[in-house]
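# An overview of the molecular structure
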Amino acid sequence: MAVATTRSKTKQAGRFSPEQVKQFLEQGNIQTMEDVQSALKDLFSQTLQAMLEGELEHHLGYAKHERLAQNDIEARPERAVSNRRNGHTSKNVRSDYGDIALSVPRDREGSYEPLIVHKRQKNVTGIEDQILALYAKGVSCRDIQDHLQQLYGLEVSPTFVSNVTDKVLPQIRAWQSHPLAPVYALMFLDAIHFKVRQEGRIVSKAAYVVIGVDLEGMKEVLGIWIGEAESAKFWLTVLTEIKSRGTADILICCTDNLSGFSESIGAVFPQTQIQKCIVHQVRNSLKYVSSKDRQAVVNGLRAVYTAPSESAGLVALEEFENVWGKRYPLVVSSWRSNWSELALFFGFSPELRRLIYTTNIIESFHRQLRKVTHGKALFPNDESLLKMLYLVTCDVQRRWTYRIAHWGQILSQLSIAYGDRVKLAV
């Protein structure tokens with residue numbers, strides 16, 4: 001059936017005007033719901049077909065039946081290529097409107113890869129899924145708009161793109177409230193900061209991230225909460241929510257050196273032991289050290305946390321104090337006051353030590369978030385930030401399919417160290 005091709009002039013890009021709808025109904029002779037379904041199926045099929053042809057045109061760099069003048073080839077030699085159209089391949093795909101037949105265009109060199117309907121794709125997931133996929137890669141709403149316009153000739157507004165991404169908000173709410181495991185062997189807690197516009201001002205917001213490792217050795221992002229600058233008070237709220245979602249016990253929590261963090265954890269999970277991040281402790285120590293002494297101090301501290309046992313670590317700390325104690329007393333006092341929560345890892349084998357003596361698991365996840373969000377200097381609101389972080393999290397977690405290395409050995413150690421707290425939960 002013939003379909004009007006005039007682009008919408010209304011303010012809402014991507015919507016039909018009343019005149020276009022009327023023309024659509026008249027040309028299609030639509031009288032019943034079955035007619036509507038059939039007409040939409042035809043429209044969808046024609047749109048996909050046009051988008052496939054547009055993709056090949058973009059890939060080849062010239063329009064169908066276009067004849068290149070000799071002076072044009074001389075001016076742009078790169079256009080004098082051997083690659084040309086090479087017919088079509090029939091393909092049936094399943095859509096929301098039923099099965100539709102497509103003719104996928106081909107090129108002679110076989111270098112064209114369809115994007116709107118991939119090779120061997122049997123289900124057409126729709127343009128909204130493509131928008132969400134692009135958004136999950138950190139592409140801004142306006143860049144998505146430009147992408148759809150340049151590649152497919154689709155006119156959509158940034159507001160339309162934002163409305164599409166808003167459809168993940170119910171999924172985020174469900175994810176933030178889904179039941180959790182009753183016991184987690186390890187839990188990593190840290191915050192990552194982003195710039196957000198709030199009431200006409202640009203402020204720094206903290207995304208509070210929690211990653212849990214269950215007794216099967218599988219890791220999972222349990223939630224992301226957006227709050228003001230990182231504080232122990234907000235962490236207390238996060239931990240209380242984790243408990244309300246079904247988690248009764250955590251064996252070991254791995255954290256940075258945020259003031260009051262340990263007290264917040266103890267208030268909600270009093271039996272949980274805490275391992276503070278050694279890397280954060282070293283960084284904090286270097287704040288008090290002059291640049292000319294930094295390398296020597298780092299070497300001295302390395303001897304402390306790489307010692308074979310806690311007693312050997314204390315001996316190394318004594319030696320460090322003898323050398324640097326008078327010059328940098330705050331460094332020594334910080335290590336001594338935090339020792340019980342810095343030295344927990346000494347009680348386990350190297351496999352578990354490597355896992356908990358730093359917050360590398362959550363730092364690695366943060367790098368994945370930064371990789372996608374580095375191009376976003378500013379988020380318009382908290383909701384926009386949370387949408388992107390959630391979509392990136394879904395993408396990252398799809399690759400978390402294996403349990404932590406040497407988990408059988410690690411679980412045996414935890415069973416010995418924590419007894420019935422592990423055995424009753426397994």
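It should be noted that the structure appears before, not after, this text.
Residues numbered from 1 in each chain as written. Predicted model: local features only at pLDDT ≥ 70, side-chain atom pairs only at ≥ 80, totals over all residues. Heavy atoms only, no water.

### Overview of the packing of helix α12 (residues 310-324) against helix α13 (residues 329-337)
Two numbers describe how α12 lies on α13: the axes approach to 9 Å, and their chain directions differ by 165 degrees. Relative to α13, α12 is oriented roughly antiparallel. As for how α12 packs across α13, the hand of that crossing is left-handed. Side by side, α12 and α13 meet where Leu317, Glu318, Phe320, Glu321 and Trp324 of the first sit next to Pro329, Val331, Val332, Trp335 and Arg336 of the second. Along the lines of polarity and charge, the residues of the contact of α12 with α13 split into seven nonpolar, no polar and three charged. (Axes fitted to C-alpha atoms, helices over the stretch in contact; angles between N-to-C directions. Helix = DSSP H or I, 4+ residues; strand = E, 2+ residues; numbered from the N terminus. Parallel < 35°, antiparallel > 145°, perpendicular 65-115°, else oblique. Left-handed = near helix turned anticlockwise from the far one by under 90°. Contact = heavy atoms within 4.5 Å. Nonpolar A, V, L, I, M, F, W, Y, C, P; charged D, E, K, R; others polar.)

### Quick notes on the packing of helix α7 (residues 169-177) against helix α17 (residues 382-397)
For any two helices packed against each other, one specifies the crossing angle of their axes together with the interaxial distance. In contact at an axis separation of 10 Å, α7 and α17 are set at 70 degrees when each is read in the N-to-C sense. The orientation of α7 relative to α17 falls into the category roughly perpendicular. Counted together, Leu169, Gln171, Ile172, Trp175 and Gln176 of α7 and Glu383, Leu386, Lys387, Tyr390 and Thr393 of α17 form the full contact between these two elements. Of the residues contributing to the contact of α7 with α17, the split by class is five nonpolar, three polar and two charged.

### Describing helix α2 (residues 33-60)
Here α2 spans 41 Å end to end across 28 residues, near enough to the 40 Å set by a 1.5 Å rise per residue. Looking at α2, one finds that the buried residues are Ala39, Leu43, Ser45, Leu48, Gln49, Met51, Leu52, Glu55, Leu56 and Leu60. Looking one or two residues past α2, Gly61 carries a phi angle of roughly 90 degrees, positive in sign. (Expected span 1.5 Å × (residues − 1). Buried < 20%, exposed > 50% of the residue type's maximum accessible area, 1.4 Å probe, protein only.)

### A short note on the nonpolar core
Core analysis: the largest hydrophobic core is formed by 81 residues, its most contacted members being Ile252, Trp335 and Leu414. For this core, the leading source of residues is α17, giving eight residues. Setting aside its immediate chain neighbours within four residues, Leu414 contacts Ala185, Leu251, Ile252, Phe348, Leu352, Trp407, Gly419 and Val422. Membership of the second largest hydrophobic core comes to 21 residues, among which are Leu180, Tyr184, Met187 and Leu239. (Core = buried A, V, L, I, M, F, W, Y, C linked by side-chain atoms within 4.5 Å.)

### A look at α13
If you check which residues of α13 are buried, you get Val331, Val332 and Trp335. What you see down the axis of α13 is that its buried residues fit within an arc of 95 degrees, all on one side. Facing away from the buried side of α13, by more than 90 degrees, are the exposed residues Leu330 and Ser337. Residues of α13 that are buried make contact with α10 (278-286), α11 (294-305), α12 and α14 (339-342). (Arc of directions from axis to C-beta.)

### Thoughts on the sheet that holds strand β6 (residues 249-255)
The five strands lie next to each other as β5-β4-β3-β6-β7, forming an open sheet whose pairing is mixed. What marks the edges here is a single partner per strand, and that holds for β5 (219-227) and β7 (273-276). Neighbour-to-neighbour, the strand axes of this sheet turn through a mean angle of 25 degrees, independent of strand direction. Pairing of β6 with β7 involves four bridges; the strand directions are parallel. Paired with Cys253 across the bridge in β7 is Ile274. The sheet strands contacting helix α16 (residues 360-373) are β3 (183-198), β4 (201-214) and β5, and the helix crosses β3 at an angle near 30 degrees. (Pairing = 2+ DSSP bridges.)

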